[in-house]
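# Tertiary structure, described
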Amino acid sequence: MNTSIEGRIKFILGVSILLVVLMGGVTLYYFTAVKDNIENVIGADIKQVNAGQKLKSVYFDLKSEEKLFFHALKTGYVADPEQTAEERLKEDALRFIITIDDYRKQDIAKTVKLDLDLLYNDLTKYKAVIEEVESKKLNGESINYRATSKKLSKLRESQDKIINKILAASSQHFISNQNYLDHLISSANRNLVFLIMIALIAGALIIYLAPQKVTKPIRSYLNAIRELRDLRFETRLPIKDKNELSELGEEINAFIEAFMDFDEMKRKKIQFEKRK
């Protein structure tokens, strides 16, 4: 370390700047990480909410189309000559299956994925029943309305339970994420206070110790000069380092030595004259 006064001041300034840069860097890194975490959690929540809404919407369309299918199957009424009721219902079932596939690709809880797998299997069976009705119609075979209705109703009841379970799990996951965000923000606030306290303590230490680094050698010189003022010429200024003060001290010490030599010569001259 440079022991000159100029060097000490530069060192103190350098340490202060380094501390500011270090604290700023740590704070920036930490809060960037917190921001990324919050964005990831919120992004995941938005995806889950959108997926849940789409799942409910598609399922509602499926149930609405199922009613029309049963009506057409029971009465023989055809609402759209270009597309049969079973074709429309099969389309909605297929759209539901695609929606489930999209949902399963998301980062979701394992239990929700298992429920989606069960729902996917139910929809596959549901679609198979519709295709069976479609095949019988094409072949001119009779269709047992009661048996078909019973199969589809049973599968739909199972789907109702699974979907409610999935939506409840998604809601619970959303609440859990909200609690995590609250914890994250609370931790960020605590850590911010902690960083501010560290900065204040470090600043206080610099303010307290920095002047001592500069003024301590000056005080030792002042004490020595006060002793000289009291005619204690045996006192010498301390020479410890190589800096501006040490050069001044060497010159003052040399001046004292010269003064002491001159005083000794003067004393001897007075004694010599007395002997005459």
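Every value quoted in this text rests on a predicted model; they were computed, and no experiment measured them.

Turning to the overall build of the protein, a few remarks are in order. Counting its regular elements, the protein contains five helices and zero strands. Helices (α) and strands (β) of the protein occur, in sequence order from the N terminus, as α-α-α-α-α. Here the protein holds 276 residues, and the buried ones make up 28% of them. In the protein, of all internal contacts separated by at least 6 residues, the share reaching a separation of at least 24 is 71%. Here the protein displays about 18800 Å² of accessible surface, and carbon together with sulfur accounts for 61% of that area.

As a further point, take the nonpolar core. Grouped together as the largest cluster of nonpolar side chains are 30 residues, with contacts concentrated most on Leu-62, Phe-69, Phe-96, Leu-119, Leu-123, Tyr-126 and Ile-166. Of all the elements in the fold, those that place two or more residues in this core are α1 (5-75), α2 (85-104), α3 (110-138) and α4 (145-229). For this core, the element with the highest residue contribution is α1, accounting for nine residues. Residues within four places of Leu-62 in sequence aside, it is in contact with Leu-89, Asp-92, Ala-93, Phe-96, Leu-123, Tyr-126 and Gln-159.

Moving on: the pattern of salt bridges. A complete count under the given rule lists 13 salt bridges for this structure. Note that Asp-101 and Arg-104 form a salt bridge whose closest N and O atoms lie 2.6 Å from each other. On the criterion of helical spacing, the pair formed by Asp-101 and Arg-104 is a turn pair, its members being three residues apart in helix α2. The class of Arg-104 is partly exposed, set by a relative accessible area of 24%. With its nearest N and O atoms 2.8 Å apart, the salt bridge here joins Lys-127 to Glu-131. A residue pair is termed a helical-turn pair when its members lie 3 or 4 positions apart in one helix, as Lys-127 and Glu-131 do in helix α3 at four residues. Classification of Glu-131 as partly exposed rests on a relative accessible area of 32%. One network of salt bridges, with partners in common, ties together Asp-61, Asp-92 and Arg-95.

Time to look at α3. Given a rise of 1.5 Å per residue, 29 residues ought to cover 42 Å, and the 42 Å separating the end C-alpha atoms of α3 matches this to within 8%. For α3, the set of buried residues is Val-112, Asp-115, Leu-116, Leu-119, Asp-122, Leu-123, Tyr-126, Lys-127, Val-129, Ile-130, Val-133 and Glu-134. Gly-140 sits one or two positions beyond α3 and adopts a positive phi of about 75 degrees.

Within the secondary structure, Ile-97 is located in helix α2. You can call Ile-97 buried: its relative accessible area is 8%. Once the C-alpha coordinates of Ile-97 and Leu-123 are considered, the two residues, 26 residues apart in sequence, prove to be 6.6 Å apart. Once residues lying within four places of it in the same chain are set aside, the contact partners of Ile-97 are Tyr-120, Leu-123, Thr-124 and Lys-127.

In contact at an axis separation of 9 Å, α2 and α3 are set at 160 degrees when each is read in the N-to-C sense. Taken as axis vectors, α2 and α3 run roughly antiparallel relative to one another. Two packed elements cross with a definite hand, and for α2 against α3 that hand is left-handed. For the contact of α2 with α3, the per-class residue count stands at 13 nonpolar, one polar and eleven charged.

Locating Asp-92 in the fold gives a position in helix α2. Among the residues examined, Asp-92 registers a relative accessible area of 10% and is labelled buried.

Right, let's talk about the environment of Phe-69 for a bit. With respect to the helices and strands, the residue Phe-69 is situated in helix α1. When the C-alpha atoms of Phe-69 and Arg-88 are compared, they prove to be 8.4 Å apart, with 19 residues separating the residues in sequence. Those residues in contact with Phe-69 that lie beyond four places of it in its chain are Ala-85, Glu-86, Leu-89, Val-133, Thr-148 and Leu-152.

When pLDDT is averaged along the protein, the result is 79, and 88% of the positions lie at 70 or above. The least confident element of the protein, judged by mean pLDDT, is helix α5 (residues 244-275) at 74; the most confident is α3 at 85.

The next point concerns the packing of aromatic side chains. In this structure the tally under the stated criterion is three aromatic pairs. Seen in terms of ring centroids, Tyr-59 and Phe-96 are 5.5 Å apart; in terms of plane orientation they differ by 40 degrees. Their pairing is tilted. Linking Tyr-59 in helix α1 with Phe-96 in helix α2, this pair joins segments that are 37 residues apart in sequence. Assessed through its relative accessible area of 5%, Tyr-59 is described here as buried.

What follows deals with the environment of Ile-256. Inspection of the secondary structure puts Ile-256 in helix α5. As a C-alpha pair, Ile-256 and Leu-228 span 28 residues in sequence and 9.0 Å in three-dimensional space.

Reading guide: rules and limits
Residues numbered from 1 in each chain as written. Predicted model: local features only at pLDDT ≥ 70, side-chain atom pairs only at ≥ 80, totals over all residues. Heavy atoms only, no water. Helix = DSSP H or I, 4+ residues; strand = E, 2+ residues; numbered from the N terminus. Buried < 20%, exposed > 50% of the residue type's maximum accessible area, 1.4 Å probe, protein only. Contact = heavy atoms within 4.5 Å. Areas by Shrake-Rupley, 256 points an atom, 1.4 Å probe, with all protein chains shown as cover. Core = buried A, V, L, I, M, F, W, Y, C linked by side-chain atoms within 4.5 Å. Salt bridge = Lys/Arg side-chain N within 4 Å of Asp/Glu carboxyl O. Expected span 1.5 Å × (residues − 1). Axes fitted to C-alpha atoms, helices over the stretch in contact; angles between N-to-C directions. Parallel < 35°, antiparallel > 145°, perpendicular 65-115°, else oblique. Left-handed = near helix turned anticlockwise from the far one by under 90°. Nonpolar A, V, L, I, M, F, W, Y, C, P; charged D, E, K, R; others polar. pLDDT = per-residue confidence, 0-100. Phe/Tyr/Trp six-rings, centres within 6.5 Å; stacked < 30°, edge-to-face > 60°.

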